[in-house]
Amino acid sequence: SQQGEEDPQALSIQEGENATMNCSYKTSINNLQWYRQNSGRGLVHLILIRSNEREKHSGRLRVTLDTSKKSSSLLITASRAADTASYFCATAQWGNQFYFGTGTSLTVIP
Amino acid sequence: GAGVSQSPSNKVTEKGKDVELRCDPISGHTALYWYRQSLGQGLEFLIYFQGNSAPDKSGLPSDRFSAERTGGSVSTLTIQRTQQEDSAVYLCASSSPRGLSGINGNTIYFGEGSWLTVV
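Everything quoted here is computed from the prediction, not taken from an experiment.

**Concerning the sheet that holds strand β1 (residues 5-7) of chain A**
Two orientations exist for strands paired in a sheet by backbone hydrogen bonds: parallel and antiparallel.
Residue and element names in this part refer to chain A.
Reasoning step 1: Sheet architecture is open: five strands sit in the order β1-β3-β8-β7-β6, paired in antiparallel fashion. Looking at the sheet topology across the chains shown, the edges are occupied by β1 and β6 (55-58). Taking the axes of each pair of neighbouring strands and ignoring which way they run, one obtains an average angle of 15° across the sheet.
Reasoning step 2: Note that strand β3 (residues 19-24) and strand β8 (residues 71-76) share six bridges and pair antiparallel. Of the residues in β8, the one forming a bridge with A19 is I76.

Shown next as structure tokens:
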């Protein structure tokens, strides 16, 4: 399977702490994206990092990509209760196909 | 439309019946995806349409599942002789190869999903 794997499967932290989740994948990619899902419904795009980039920031989000290890991490700083959601990484191969990981369920305790 | 639209949002059907799920992608998006997500699980790729190319059907779990995309726009996912294990949220998404992030750097936009319950 080309599907990615997120780690950990579940994460529970206190509000204000940082949350780090990881994604590993199996094939070479064009880019990697992180998505957020609330309430088991549609996913919302958070951030995209291309295969030739190593780090990217967007607000409280920081994404790193290590193509040699086929892994990425998503860091959410100063977490808030509203960050509680499931987070998925998606890898895009050259043919514009996307494969999603299994997700990390994040709970931020107020 | 402004976003990806899916219908029905919820469907309860009896085991053995056929169901059709509809997806109306964002206007102009040439790529369309179907994913399935069981309760508390990750997204399972089902099928991918890109323009006029032959669809990538490699994720369809059995021959009871089929999908078509008419006129390069609306797509219908059909599940024949539904089984209880088909119960899941079926998510549709679309993207444009020439999105804001550039060729092969586009993001995909999801609908709110169709929740299927087979009883």
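We are not done yet, so read on.
**Comments concerning the pattern of salt bridges**
All names here are of chain B.
Reasoning step 1: A full pass over the atoms with the stated rule returns seven salt bridges over all chains.
Reasoning step 2: Among the ionic pairs, K17 bridges to E14, the shortest N-O distance being 3.6 Å.
Reasoning step 3: Two residues, R64 and D86, come together in a salt bridge whose shortest N-O distance is 2.8 Å. Taken as a pair, R64 in the loop between β5 (44-50) and β6 (65-69) and D86 in the loop between β7 (75-79) and β8 (88-95) lie far apart in primary sequence, 22 residues in all.
Reasoning step 4: Residue classification places R64 among the buried residues on the basis of a relative accessible area of 12%.

**Re the pairing of strand β11 (residues 104-109) of chain A**
All names here are of chain A.
Reasoning step 1: Residues T104, L106 and V108 line the buried face of β11, whereas the alternating positions S105, T107 and I109 sit on a face that is not buried.
Reasoning step 2: Pairing analysis gives five bridges linking strand β2 (residues 10-14) to β11, with the strands arranged parallel. Residue Q14 lies in a different strand from β11, and its bridge partner there is I109.
Reasoning step 3: Both strand β9 (residues 85-92) and β11 contribute to a ladder of three bridges, which runs antiparallel.

**A short note on the side chain of N30(A)**
Reasoning step 1: Mapping N30(A) onto the fold places it in the loop between β3 and β4 (31-37).
Reasoning step 2: At 2.9 Å, the side chain of N30(A) and the side chain of N31(A) are in polar contact.

**Structural notes on the sheet that holds strand β3 (residues 19-24) of chain B**
Residue and element names in this part refer to chain B.
Reasoning step 1: Strand order in the open sheet made by the four strands is β1-β3-β7-β6, with antiparallel pairing throughout. A strand with exactly one partner marks an edge of an open sheet, and here the two such strands are β1 (5-7) and β6. Each strand axis lies, on average, 15° off the axis of its neighbour in the sheet, ignoring direction.
Reasoning step 2: Pairing of β3 with β7 involves five bridges; the strand directions are antiparallel. Looking at β7, one finds that V19 is bridged to I79.

**Here we look at the state of the cysteines**
Reasoning step 1: As enumerated under the stated definition, the model contains two disulfides over all chains in all.
Reasoning step 2: For C23(A), the disulfide goes to C89(A), at an S-S distance of 1.9 Å. In this structure, the disulfide formed by C23(A) and C89(A) twists by about 65° around the S-S bond and is classed as right-handed. Of this pair, C23(A) sits in strand β3 while C89(A) sits in strand β9, placing them 66 residues apart in sequence. Per residue, the accessibility class of C23(A) equals that of C89(A), and both read buried.
Reasoning step 3: Covalent S-S linkage joins C23(B) and C92(B), the inter-sulfur distance amounting to 1.9 Å. Taking the torsion about the S-S bond as the criterion, the C23(B) to C92(B) disulfide, at about -70°, is left-handed. Taken together, the residues C23(B) in strand β3 and C92(B) in strand β8 connect sequence positions 69 residues apart.

Reading guide: rules and limits
Residues numbered from 1 in each chain as written. Chains lettered and ligands numbered in written order. Predicted model: local features only at pLDDT ≥ 70, side-chain atom pairs only at ≥ 80, totals over all residues. Heavy atoms only, no water. Pairing = 2+ DSSP bridges. Helix = DSSP H or I, 4+ residues; strand = E, 2+ residues; numbered from the N terminus. Axes fitted to C-alpha atoms, helices over the stretch in contact; angles between N-to-C directions. Salt bridge = Lys/Arg side-chain N within 4 Å of Asp/Glu carboxyl O. Buried < 20%, exposed > 50% of the residue type's maximum accessible area, 1.4 Å probe, protein only. Polar contact = N/O pair within 3.5 Å; in protein donor to acceptor, adjacent residues only side chain to side chain. Disulfide = S-S within 2.5 Å.

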